[in-house]
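Coordinate analysis (summary)
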Amino acid sequence: MAFMSGLWNSILRGNDKEIIWNEQSTFYLDTSRKYFSVSEIDKEDSPIVFSEAHNISFNETGLGLSYTPLNFVTLFHIDTRRAEIRMPSGHIDQPVIEDNRDGTVSIKYDPREEGVHELLVKYNGEHVQGSPYKFHVDSISTGYVTAYGQGLISGVSGEPSQFTISTKGAGAGGLTMAVEGPSKAEITCHDNKDGTVSVSYLPTAPGEYKVSVRFGDRHIKGSPFTAKVTGEGRKRNQISVGSCSEVTLPGKISDNDIRSLNASIQAPSGLEEPCFLKRLPSGNIGISFTPREVGQHVVSVKKMGVHIKNSPFNILVLEQEVGDAKKVKVSGTGLKEGKTHSENTFTVDTRNAGYGGLSVSIEGPSKAEIQCADSKDGILGIIYKPTEPGYYIVNLKFADHHVEGSPFTVKVTGEGSNRQREKIQRHRDSAPLTEVGTNCKLTFKMPGITSFDLAATVTSPGGVSEDAEVQEVEDGLYAVHFVPKELGVHTVSVKYREIHIPGSPFQFTVGPLRDSGAHLVKAGGAGLERGEAGRPNEFNVWTREAGAGLLAISLEGPSKAEIDFKDRKDGSCDVSYIVDEPGDYRIGLKFNDQHIPDSPFKVYISPTMGDAHLLEVAQFPDSAQVDKPTQFYIRLNGAKGSLDARVISPLGKTDDCFIQNIDGDQYSIRFMPRENGVHNINVKFNGVHIPASPLRIKVGKDDADPAAVHAHGPGLGTVKTGAKTDLIIDTCNAGAGILAVTMDGPSRVAMDCTEVEEGYKVRYTPLSPGFYYMSIKYNGHHIVGSPFKVEATGENLAEIGAQETSSVTVETVQKVSKSAQKLGPVLPLFKSDASKVTSKGMGLKKAYLNKHNQFTVHAGDAGNNILYVGIYGPKGPCDEVQLKHKGKNNYECWYVVRDRGEYIVIVKWGDEHIPGSPYKVEV
């Protein structure tokens, strides 16, 4: 497209005053429409056009701009809003003028001819400056060139930023790319041979980068893109402040009923989201929800899938109640610049913006502490305190849409915390494929324990649990051995003194992997919980389930780390690190440039242990009871200093222990547990953890087992934006515990959790397309398969920005499945094909009285199952039938009959007849 007007001539002549492009709106081009907007400002002065001449490049003919889109603003008052299009044929056409209600209007036009067109815009009957504007309409190919990927939006200095260009169906044309910004960025391209090109560039300094992509010497849609690059080691913090509409429901509902009720609200457009039931200050039951549309809404309240009395309810939402991010006002220097180690502030005014939750996230070189002061009148004060200088990105969303100006780029200056960062990368190969009947092994390193206190079980996909063998491979390294009987995902539980070790329960796939990626990597060990300066601190990383990829390990803190890596060649590895200075450290673990679950890990490194290593623990109990004193003993063995002990409950409550000197170097430590579950006891000497600390003890009947929790349902597969979906978390036979569900993705989701017969139902509604990761934890441990990768497709109903987090937590009650109430073992889930079983022998055709009548069955190619043989005659079952397994699923069968007549011989492989069965035999 080419543009020609008096405006450009005046710029070239240079005889006008300096033109500043300090406001802009966008000229947008697609296949059929041309958009531009002009600002409506009530001003009698002559219209002014703002531009930045030194940034405008012209084509070789000098007849217009060599790029699209064209950004410009004109400021004038339109009385008649008259505009015309003069087509190449000379005919006059009328474009559509729309008031954007934000101080601008849009002019839209569908071209019907090729060639040079003229757009005439008049003010009080006179042409505005630059009118008529000339533009050229081309015929284009049916395909578009598009670009997508995180590298077009954000990045981290020192790390590759990637995006993909699709040229499918776009016809012939050259593809060129350029990256401009604070540093030179090396660009690499790879032709994927499928109509797409993978592009990677490496920014080495933080700031804003312009990524230009041209096809046939023209910018593609969206180009140039703006990517905001932060300093290496980007960290993110987020807070959310709720602002929901509350509506009272008719009728009376008891507190006991609220637990088993779930509610959802459907908007006029059909968008259905879960909403929350709560006891209002008036004592009535109401619902809390975020209004998104004007009009009649339908609220459904159900118990066990059945509407309660008076449900569904109708609610009318007025225009002033709908959350509108455009009406949110923000102010304050904290959105432009900031200082390290200081409180940087800005204000968010939502008084005229309706109802909607406010989400604030800040990411940059340090994890900035965020606080929110809510004055309860719709004005919120946001305070953040970064610890490192550099560029930070502040995302502000209201009702799931960015407020005007968001995301903000803030330059933070000042002294840093002098934190040191070390990083290593190692390529991880795919682990060897395992099959049914082969020896499988899962290894882990856990120094300072004995194998007598370790126990392991393996649960097959069919639900059959068996004990597994635990062997010590070398000092501190252990291996769990088992032989699987079926394909699929197995659950391996490893416990130390009846408590799951870090990382347990593990997912172990027999056969081909069903998925791959960072969400399937696990890490655990003492080195991710605590450490000591000056000595190796170790932890395990299991990448077996994630497939091949690049594992990156970074460690940041008061001193530089020495990181060591040892590959165990079975899909797991051992990582150890040494740091010289005590303090708070952050350990980041990434797989293929994505953080693994729970990364980064915050670890406190204590000073050199000194005399603390002399202390010993004696008479530590195996278990304890609620509200009953529990004690154990500590021997100092000549160490001089002060002893301190604190107990941390499963809910995170901290309480001091009572310490009493018994005799010389021996002290007793006593505490009173107040709740069931695993408690941690931190025992320190001179402020440093003793070797066994933290000590763990099970209080009460803590039968909550994350290995017994399973999740299934449509909400774990591919879902649609704007459509309510759900999943079932089966807690039968898993005991009572704390169920925590967290969802990270492109948008926040309205999510609730209600009790059902087999466990708990979680419902949610995604608003933006993309990948979401759902973490399901039971008593602080991921269940097998967690976090689950969920893809949402469909229209974007909320603005995509930084990752958003939604969560729900419930205290579960003990549930028992109906099958568990029945006596007898659970049959495994067999995978077999009865059609591949063959049989032969005279005993399938003719039989003789009082003799062994024989036939054979061959099921070697039919998978694994149980062989059933039954023979029925004129007077009932035959007297004697025997089966003998000859190996490799080959069987020999013989039977004896006492009466003449016609018999039926039935042969089944599992629940299915083999070919030919049932057989008709004459005696």
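Residues numbered from 1 in each chain as written. Predicted model: local features only at pLDDT ≥ 70, side-chain atom pairs only at ≥ 80, totals over all residues. Heavy atoms only, no water.

Along the backbone of the chain there are 3 helices and 84 strands. When each of the 923 residues of the chain is scored for burial, the buried share is 47%. Sequence separation of 24 or more characterises 68% of the internal contacts of the chain that already satisfy a separation of 6 or more. A total accessible area of about 45,600 Å² is found for the chain, and carbon and sulfur atoms account for 48% of it. (Helix = DSSP H or I, 4+ residues; strand = E, 2+ residues; numbered from the N terminus. Buried < 20%, exposed > 50% of the residue type's maximum accessible area, 1.4 Å probe, protein only. Contact = heavy atoms within 4.5 Å. Areas by Shrake-Rupley, 256 points an atom, 1.4 Å probe, with all protein chains shown as cover.)

What follows deals with the confidence of the model for the chain. On average, residues of the chain score 79 in pLDDT, and 81% of them are at 70 or above. Considering only residues more than four positions removed or in separate chains, one finds that residues 1–80, a stretch of pLDDT under 50, has 169 contacts. Scored below 50 in pLDDT, residues 820–824 makes 2 contacts in the model with residues more than four places away or belonging to other chains. (pLDDT = per-residue confidence, 0-100.)

Time to look at the pairing of strand β29 (residues 313–317). Residues Phe313, Ile315 and Val317 line the buried face of β29, whereas the alternating positions Asn314 and Leu316 sit on a face that is not buried. In the sheet, strand β27 (residues 295–303) pairs with β29 via 5 bridges, with the strands oriented antiparallel. Looking at β29, one finds that Val299 is bridged to Phe313. (Pairing = 2+ DSSP bridges.)

Moving on, we get to the environment of Gly511. If you trace the backbone, Gly511 turns up in the loop between β46 (506–510) and β47 (522–524). Distance in space between the C-alpha atoms of Gly511 and Val489 is 8.7 Å, their sequence separation being 22 residues. Among residues more than four places away in sequence, those in contact with Gly511 are Leu433, Thr434 and Leu487.

Before going further, it helps to examine the sheet that holds strand β34 (residues 369–374). Spatially, the 4 strands line up as an open sheet ordered β30-β32-β35-β34, and their pairing is antiparallel. Every interior strand has two partners, whereas the edge strands, β30 (329–331) and β34, have only one. Pairs of neighbouring strands in the sheet enclose a mean axial angle of 20°, with direction left out of account. Of the pairings in the sheet, the one linking strand β32 (residues 344–349) to strand β35 (residues 379–385) comprises 6 bridges and is antiparallel in character. Each bridged residue has a counterpart across the sheet, and for Thr345 the counterpart in β35 is Ile383. (Axes fitted to C-alpha atoms, helices over the stretch in contact; angles between N-to-C directions.)

Glancing now at unusual backbone geometry. A cis amide bond, omega 0°, links Ser504 with the succeeding residue Pro505. With respect to the helices, strands and loops of the structure, Pro505 is situated in the loop between β45 (499–500) and β46. Residues Ser599 and Pro600 are joined by a peptide bond in cis, for which omega reads 0°. Structurally, Pro600 can be placed in the loop between β54 (594–595) and β55 (601–606). Here Lys888, not a glycine, exhibits a phi torsion of approximately 55°, which is positive. One can find Lys888 in the loop between β80 (880–887) and β81 (890–896).

In a beta sheet, neighbouring strands pair by backbone hydrogen bonds and run either parallel or antiparallel. Read from one edge to the other, the open sheet built from 4 strands follows the order β13-β15-β18-β17, with strand pairing classed as antiparallel. Sheet topology places β13 (146–148) and β17 (186–191) at the edges, where each strand pairs with a single neighbour. Averaged over all adjacent pairs, the angle separating strand axes in this sheet is 25°, with direction ignored. Sheet analysis places β17 next to strand β18 (residues 196–202), joined by 6 bridges and oriented antiparallel. Within β18, the position partnered with His190 by the bridge is Ser198.

Let's shift gears to the pairing of strand β62 (residues 666–671). Pairing between strand β58 (residues 630–635) and β62: 6 bridges, direction antiparallel. Note that in β62 the partner of Arg635 across the bridge is Gln666. Looking at chain direction, strand β61 (residues 658–663) and β62 are connected through 5 bridges and run antiparallel. When the sheet's bridge partners are listed, Asp663 is paired in β62 with Gln666.

One can find Glu466 in strand β42 (residues 465–474). Expressed as a C-alpha distance, the spacing of Glu466 and Phe482, which sit 16 residues apart in the sequence, is 9.0 Å. In this view, Glu466 contacts Ala456, Thr457, Val458 and Lys485; residues no more than four positions away in its chain are not counted.

Now for a negative patch on the surface. A contiguous patch of negative charge, built from Glu562, Asp564, Asp580 and Glu581, is present on the exposed surface. If you trace the backbone, Glu562 turns up in strand β51 (residues 562–567). For Glu562, a relative accessible area of 56% gives the class exposed. (Patch = residues over 30% accessible without salt bridge, like charges linked within 9 Å, V, L, I, M, F, W, Y side chains within 5 Å. Salt bridge = Lys/Arg side-chain N within 4 Å of Asp/Glu carboxyl O. Lys, Arg positive; Asp, Glu negative; His and termini not counted. Charge placed at Lys NZ, Arg CZ, Asp CG, Glu CD.)

All told, the structure shown has 26 salt bridges when counted by the stated rule. With its nearest N and O atoms 2.7 Å apart, the salt bridge here joins Asp752 to Arg763. Placement of Asp752 in strand β70 (residues 750–756) and of Arg763 in strand β71 (residues 759–765) is noted, with a sequence separation of 11 residues between them. Each of Arg419, Arg421 and Glu556 takes part in salt bridges that share partners, so that together they form one network.

So, about a nonpolar patch on the surface. Side chains of Phe830, Ile866 and Tyr868 sit close together on the surface and give an oily, nonpolar patch of about 240 Å² of accessible area. The topology assignment puts Tyr868 in strand β78 (residues 867–873). Look at Tyr868 and you get partly exposed, because its relative accessible area is 40%.

Before going further, it helps to examine the packing of aromatic side chains. Overall, the coordinates contain 9 aromatic pairs when judged by the stated rule. Judged by centre distance (6.3 Å) and plane angle (55°), the ring pair of Phe539 and Tyr577 falls under tilted. On the criterion of sequence distance, the pair formed by Phe539 in strand β49 (residues 537–542) and Tyr577 in strand β52 (residues 572–578) is long-range, its members being 38 residues apart. Both residues of the pair, Phe539 and Tyr577, belong to the buried class. The lysine or arginine in question, Lys522, covers the ring of Phe506, its NZ or CZ lying 5.7 Å from the ring centre. When the ring centre of Phe508 is taken as origin, the NZ or CZ atom of Arg544, which lies over that ring, is 3.8 Å away. (Phe/Tyr/Trp six-rings, centres within 6.5 Å; stacked < 30°, edge-to-face > 60°. Lys NZ or Arg CZ within 6 Å of the ring centre and 35° of its normal.)

Mapping Asn540 onto the fold places it in strand β49. Within polar-contact distance, the side chain of Asn540 engages the side chain of Arg568 at 3.0 Å. In this structure Asn540 touches Phe444, Lys445, Lys522, Ala523, Gly524, Arg568 and Cys573, once residues within four positions along its chain are discounted. (Polar contact = N/O pair within 3.5 Å; in protein donor to acceptor, adjacent residues only side chain to side chain.)

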